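Observations on chain architecture
Okay, here's what each chain looks like letter by letter:
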Amino acid sequence: MTTDLTTALADVRTLLLDTPNLSRAVAAGRRKGLQPPAAERVEVRPVRLKDGPHLQFTARTGPVVSTRNVPVGEAGEAVDELLAQAYGNLHVETATEVVQVRITKKGDAQVHRAPARHEAGPGAHDRAKQRLVDPDDPVFRVLGAGGDKRRQVEAFVRQLAPLAPAVLSGGGDRVRAVDLGCGNAYLTFAAHRWLSGAARERGKDLVTVGVDVREDVVATGRRAAAEAGLPGLEFAVGSIAGAEPFGDARPDVVMALHACDTATDEALARAVRWGAPLVLAAPCCHRDVQRQLHENRAPLVRHAILRERFADVLTDALRSLLLQVLGYRVEVVEFIDSAHTPRNAMIRAVRAGAPRGSRTAGLLAEYDELTRAWGVEPALARMLTAELAQARQAAL
Ligand SMILES: C[S@@+](CC[C@H](N)C(=O)[O-])C[C@H]1O[C@@H](n2cnc3c(N)ncnc32)[C@H](O)[C@@H]1O
């Protein structure tokens, strides 16, 4: 449908400011003959920060990326600034529809609207059947989860599902899962719903505990769990490093989604000490190794953006080696498309028992070579000094 540009932009403005329903939006391309926009592409998405809901604007021009978070109550001006620029295409995804606006040479707007993929339509039933997490679960609205977060937790649970049977079919009639650095608990709820169904099918009950250092998010999680009437879902305030969610019993499943910086290492170290059979961690920023590379002038890490990307890779490679040395079978995978989060790597670790001495020696040699070459000592190694020393001894 072709319409006048002012009307189309006003509609897009309304959609962008309806943050509870907005999943994401992208402004890209340029209109010929007009001043080019400040950035090649801007992605807008609702995010929940410590001090409340914000609209996040991520601007990209070539390799340069900048992010700005604006409190939702003040976002009107930032949205107006964005829409005033001469972008040629605007793409908006909400909970219910996908709106595509293309601005023609004449300055009209061609608007295409389609239902969101989970709405009714041909094949919708089959698609819904394949989902492990209901994106329309009212608890997501209570917790303020936007579309991307819902997709992330679906993708996370999808990684968990094929590995879970091994822990669900073990001895005992109770399965224990923990979400470390649970934040707003989107994953805690989604994983608990899915796992409790799978546990029930095997005649077991499930207890899931979300752990976070922030009292406010834990209080929200508790309230939402009580409202949703979900038995076996609990929350605990505390640091990951000191977490003992089940007293003397060890968790069967350890999860961490975007636990910041070394909080992911705390989660992995905790899982190793517990001897947790199944560990899924999607790391967040990797500042620890990045900081250690700061003085390094090697071309690979001389520029901040390259240093950041390389630190991500190096940190996860070292984490993977350490987990293998300490008795896990490890895979590092992309658990979701990067369009939904740039932090889309996941470490999947299944406890396999200590590797043969020669295998441990080989893994340790790889680990030592990498850490020596780059002059770093990753947080996970600092947290597991005793375990690592023991593995070195055993490999002699
Ligand atoms: C980026 S948020 C991610 C939250 C949630 N897992 C998600 O994906 O939506 C990281 C969370 O980890 C918590 N956190 C960070 N370090 C922690 C620590 N050492 N112990 C416990 N919680 C921690 C923060 O309070 C925050 O809620």
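Higher on the page you've got the structure.
Residues numbered from 1 in each chain as written. Predicted model: local features only at pLDDT ≥ 70, side-chain atom pairs only at ≥ 80, totals over all residues. Heavy atoms only, no water.

Turning next to the side chain of Asp316. When you line up the elements, Asp316 lands in helix H11 (residues 304-325). Excluding anything up to four places from it in sequence, Asp316 contacts Pro283, His286, Ala345 and Ile347. (Helix = DSSP H or I, 4+ residues; strand = E, 2+ residues; numbered from the N terminus. Contact = heavy atoms within 4.5 Å.)

This paragraph deals with the sheet that holds strand E14 (residues 328-334). Note: strands within a sheet are paired through backbone hydrogen bonds, in either parallel or antiparallel orientation. Ordered by their spatial adjacency, seven strands build an open sheet running E11-E10-E9-E12-E13-E15-E14, and the pairing between neighbours is mixed. Every interior strand has two partners, whereas the edge strands, strand E11 (233-237) and E14, have only one. Pairwise comparison of adjacent strand axes, ignoring direction, gives a mean angle of 15° for this sheet. Sheet topology places E14 next to strand E15 (residues 345-351); seven bridges connect them, and they run antiparallel. Residue pairing across strands places Tyr328 opposite Arg351, the latter belonging to E15. Across the face of the sheet, H11 comes into contact with E14 and E15 while running at roughly 155° to E14. (Pairing = 2+ DSSP bridges. Axes fitted to C-alpha atoms, helices over the stretch in contact; angles between N-to-C directions.)

Burial runs high along strand E13 (residues 278-282): five of the five residues are buried. The alternating pattern of E13 places Leu278, Leu280 and Ala282 on one face and Val279 and Ala281 on the opposite face, and all of these are buried. For the segment spanning strand E12 (residues 253-257), helix H9 (residues 263-274) and E13, crossover handedness is right-handed. As paired strands, E13 and E15 are joined by four bridges and run antiparallel to one another. In the sheet register, Val279 faces E15, and the bridge partner there is Ala349. (Buried < 20%, exposed > 50% of the residue type's maximum accessible area, 1.4 Å probe, protein only. Right-handed = clockwise from strand over helix to strand, strands pointing away.)

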